[in-house]
Amino acid sequence: IFLWLSDGRDKKTPEPFQDVSQGLKKLYRTKLFPLEDTYQFHDFHSPSLEDADFDNKPMVLLVGQYSTGKTTFIRHLMEQDFPGMRIGPEPTTDSFIAVMHGDQDGMIPGNALVVDPKKPFRKLNAFGNAFLNRFMCAQMPNPVLESISIIDTPGILSGEKQRISRGYDFAAVLEWFAERVDRIILLFDAHKLDISDEFSEVIRALKNHEDKMRVVLNKADQINTQQLMRVYGALMWSLGKIINTPEVVRVYIGSFWAQPLLIPDNRKLFEAEEQDLFQDIQGLPRNAAIRKLNDLIKRARLAKVHAYIIISLKKEMPSVFGKENKKKELIANLGETYLKIEREHQISPGDFPKLKKMQELLAGHDFSKFPTMKPKLLEAVEDMLANDIARLMTLVRQEEAAMPSQAVHGGAFEGAMSGPFGHGYGEGAGEGIDELEWVVARDKPSYDEIFYTLSPINGKVSGAAAKKEMVKSKLPNTVLGKIWKLADVDKDGYLDDEEFALANHLIRVKLEGHELPGKLPEHLVPPSKRHQEIDMGE
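Computed from a predicted structure; not experimentally measured. For every chain, the first residue of the written sequence is number 1, and numbering continues from 1 along that sequence. Where local features are concerned, this predicted model is filtered to residues with pLDDT of at least 70; where side-chain atom pairs are given and counted, the filter is 80 or more; whole-chain, interface and lining totals use all residues. Note that water and hydrogens are dropped before the side-chain values are worked out from all heavy atoms of the structure.

(A) Layout of the environment of Lys 529. The helix count covers DSSP runs of H or I at least four residues long, the strand count covers runs of E at least two residues long, and both are numbered beginning at the N terminus. With respect to the secondary-structure elements, Lys 529 resides in the loop between helix H21 (497–511) and helix H22 (530–537). Only protein chains enter the area calculation, which uses a 1.4 Å probe; residues under 20% of their type maximum are buried, those over 50% are exposed, and those in between are partly exposed. Residue classification places Lys 529 among the buried positions, given a relative accessible area of 3%. Each C-alpha atom of the pair Lys 529 and Glu 498 lies 9.1 Å from the other, and the pair is 31 residues apart in sequence. Contact between two residues is taken to exist if any of their heavy atoms lie within 4.5 Å; hydrogens are not considered. Look past the residues within four positions of Lys 529 in its chain and what remains in contact with it is Val 489, Asp 490, Asp 496 and Glu 499. Counted as a polar contact is a pair of N or O atoms within 3.5 Å, where, for protein atoms, one must be capable of donating a hydrogen and the other of accepting one, and residues adjacent in sequence contribute only when both atoms are in side chains. Within the local environment of Lys 529, its side chain forms a polar contact with the side chain of Asp 496, the two groups lying 2.3 Å apart.

Next comes the structure, spelled out in structure tokens:
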């Protein structure tokens, strides 16, 4: 008789999602938020998420000691000054500046910024006025900012006095940003590698986000190659002591500004490193959905563990007397509670919050007011992790396939992509790209000498004869097989003198450390085969 009360939908039927962003919002609101809210997750770990957190563009967070070139780096990417920008050898940037896209140049102060529902910063109001007076948004119409936003941070100082004088918890603010950004770039100056206490503390605060972290060794053109090797080694040694992971963090070496190189010896290295870093940043819009999904999974796992901790502490509390003493005892023995939960629920030790920090936070709470076990809330999160996330993953792949490959464009990204100053132009397989003469013709006489020792029949050598010569290069068969396919332009299973010369040219390209092209570029097609290529294309 109560059928009319139900909406007719089976509770187990998965709900359809129109897109990834909408799906993430719905999952968070209906399944994860109720658990977080009930077990006071927001007081202990991280404020609740808002729609803007799921909708915003990918963000890049720049962190570094003062005068490492953070603001100059942003200016270099955008090739344009931004409102509120100040550059100097002394600590100049004393604020967090969110550089974002806008129709016209302008500044929005922190207090106004945290009440804007379209911006993902509303929860920063928890850090108070001391922080909000040091937070602003610089808006401007720049093509780079159409795809990403960039967060400039105050230069990290050394010494105890400066840390106290900030008036807000600097490491906690950075941790808040680290949770929400897509890329964290740590900048170091090749001249001053000392990592101050505050910087060490900041890097430790970014723990659990090592997957987003990249390191830039800036101003590397100011020292010679021998010094650069020592500096790089010293940097890796210092980072190894702070970032406790077995993997080596990726370090990009270069001079990230638009001035002439002081010592140009390592130009090719800097070009290759800049290209790699640009590709990494350009991939952020394409990977934004998967990053948000990944962050939600991380958050859900932590929320689940947090709920078990709260439930466990509540269960141990006496109903009437001795509450305060029991609370002290439970905080002191929190490590044992962790182990018990780990065994009982088969949870990985890596999912637990930091013990010391959790003990400090628990001291300010009344354990007797903690909620008891609510299985439905935990089941909803389990269901989300087991079923809904897998369905969203499928949707992520569909969205990626449907979208034209998104990439950051404009600014410095434009200069590094095309034309004769694009990375690799005129090198390797691109050598001779804008020359009238066939580039292989230069060395063809020496290749012809080898060709005629292989006893060609009707002007061609067989695969077996060519193989004997090609294996002398000591390249693996997989590579030589690819070279054969590229060089056998007419696909007849034989090589004539031009094709043989082309095969040797491609062997040289590979031996010099360049990549082979997936398809033979037009300028490498032998002159006698160019008309055939057109005919075959038709």
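(B) Molecular detail of the sheet that holds strand S4 (residues 135–140). A strand pair is defined by DSSP finding two or more bridges across the two strands. Overall, mixed pairing links the eight strands, which are arranged S3-S4-S2-S5-S1-S6-S7-S8 in an open sheet. For this open sheet the edge positions go to strand S3 (106–109) and strand S8 (251–253), each flanked by a neighbour on one side alone. Adjacent strand axes in the sheet meet at a mean angle of 25 degrees when their direction is disregarded. Bridge analysis of strand S2 (residues 96–101) against S4 gives six bridges, and the strand direction is parallel. Bridged to Phe 96 within S4 is Phe 135. Axis definition: a line fitted to C-alpha atoms, over the contacting stretch in the case of helices. Angles run 0 to 180 degrees between N-to-C directions. Strand contacts of helix H8 (residues 170–180): strand S1 (59–64), S2, S4, strand S5 (149–152) and strand S6 (183–189), with the helix running at about 150 degrees to S1, the strand carrying the most contacts.

(C) View of the side chain of Gln 65. Structurally, the position occupied by Gln 65 is in the loop between S1 and helix H4 (70–78). Each residue touching Gln 65, except ones within four places of it in the same chain, is listed here: Lys 70, Gly 155, Ile 156, Leu 187, Asp 194, Ile 195, Ser 196 and Phe 199.

(D) Representation of the packing of aromatic side chains within the structure. Under the pairing criterion, centres of Phe, Tyr and Trp rings, with the six-membered ring standing for Trp, must be within 6.5 Å; the plane angle then separates stacked pairs below 30 degrees from edge-to-face pairs above 60, leaving the rest tilted. Here the structure, examined in full by the defined rule, presents 19 aromatic pairs. Ring geometry for Tyr 338 versus Phe 352: centroids 4.8 Å apart, planes at 35 degrees, classification tilted. Taken together, the residues Tyr 338 in helix H14 (residues 334–345) and Phe 352 in the loop between H14 and helix H15 (355–362) connect sequence positions 14 residues apart. Each member of the pair, Tyr 338 together with Phe 352, is buried. Pairing Phe 451 with Phe 500 gives two aromatic rings, centres 5.6 Å apart and planes at 50 degrees, and the pair type is tilted. Here the residue Phe 451 occupies a position in helix H18 (residues 444–453), and Phe 500 occupies one in helix H21, the gap between them amounting to 49 residues. By the ring-pair criterion, three or more aromatic residues cluster together here, those being Phe 96, Phe 121, Phe 127, Phe 131, Phe 135, Tyr 168, Phe 170, Trp 176 and Phe 177.

(E) Spatial organisation of the nonpolar core. One finds Phe 96, Phe 121, Phe 135, Phe 177, Leu 186, Phe 188 and Leu 217 to be the most contacted residues of the largest nonpolar core, which totals 49 residues. Examining the composition of this core, we find that six residues originate from one element, H8, more than from any other. Leave out the neighbours within four places in its chain, and Phe 177 touches Leu 61, Phe 96, Phe 121, Leu 124, Phe 135 and Ile 151. Counting residues in each nonpolar core, the second largest holds 42 residues, with Phe 54, Ile 309, Leu 392 and Val 396 among its members. In this description, a nonpolar core means a group of buried Ala, Val, Leu, Ile, Met, Phe, Trp, Tyr and Cys residues linked to one another through side-chain atoms lying within 4.5 Å.

(F) The arrangement of the pattern of salt bridges in detail. What makes a salt bridge here is a side-chain nitrogen of Lys or Arg within 4 Å of a carboxyl oxygen of Asp or Glu, nothing more. Counted under the stated rule, the structure contains 40 salt bridges. As a salt-bridge pair, Asp 351 and Arg 301 come within 2.9 Å of each other at their nearest N and O atoms. Placement of the pair is Asp 351 in the loop between H14 and H15 and Arg 301 in helix H12 (residues 284–316), with a sequence separation of 50 residues. Among the residues examined, Asp 351 registers a relative accessible area of 18% and is labelled buried. A residue is classified by how much of its surface remains accessible, and Arg 301, at 37% relative accessible area, is partly exposed. By sharing partners, the salt bridges in this structure join Glu 36, Asp 53, Glu 179, Arg 180 and Arg 299 into a single network.

(G) Highlighting the side chain of Asp 182. With respect to the helices and strands, Asp 182 occurs in the loop between H8 and S6. In terms of polar contacts, Asp 182 uses its side chain to reach the side chain of Arg 291, at 2.9 Å. Once residues within four sequence positions are removed from consideration, Asp 182 is found in contact with Pro 58, Met 59, Lys 212, Leu 284, Ala 288 and Arg 291.

(H) Up close: unusual backbone geometry. With a phi close to 55 degrees, Gln 40 is a non-glycine residue in the positive phi region. Positionally, Gln 40 belongs in the loop between helix H1 (20–38) and helix H2 (41–44). Even without a glycine there, the phi angle at Lys 491 is positive, about 55 degrees.

(I) Region of interest: the pairing of S5. Burial along S5 is two-sided: the face carrying Ser 149 and Ile 151 and the face carrying Ile 150 and Asp 152 are both buried. As paired strands, S1 and S5 are joined by four bridges and run parallel to one another. Along S5, the bridge assignment pairs Leu 61 with Ile 151. In the sheet, S2 pairs with S5 via three bridges, with the strands oriented antiparallel. Note on S5: the bridge partner recorded for Ile 97 is Asp 152.

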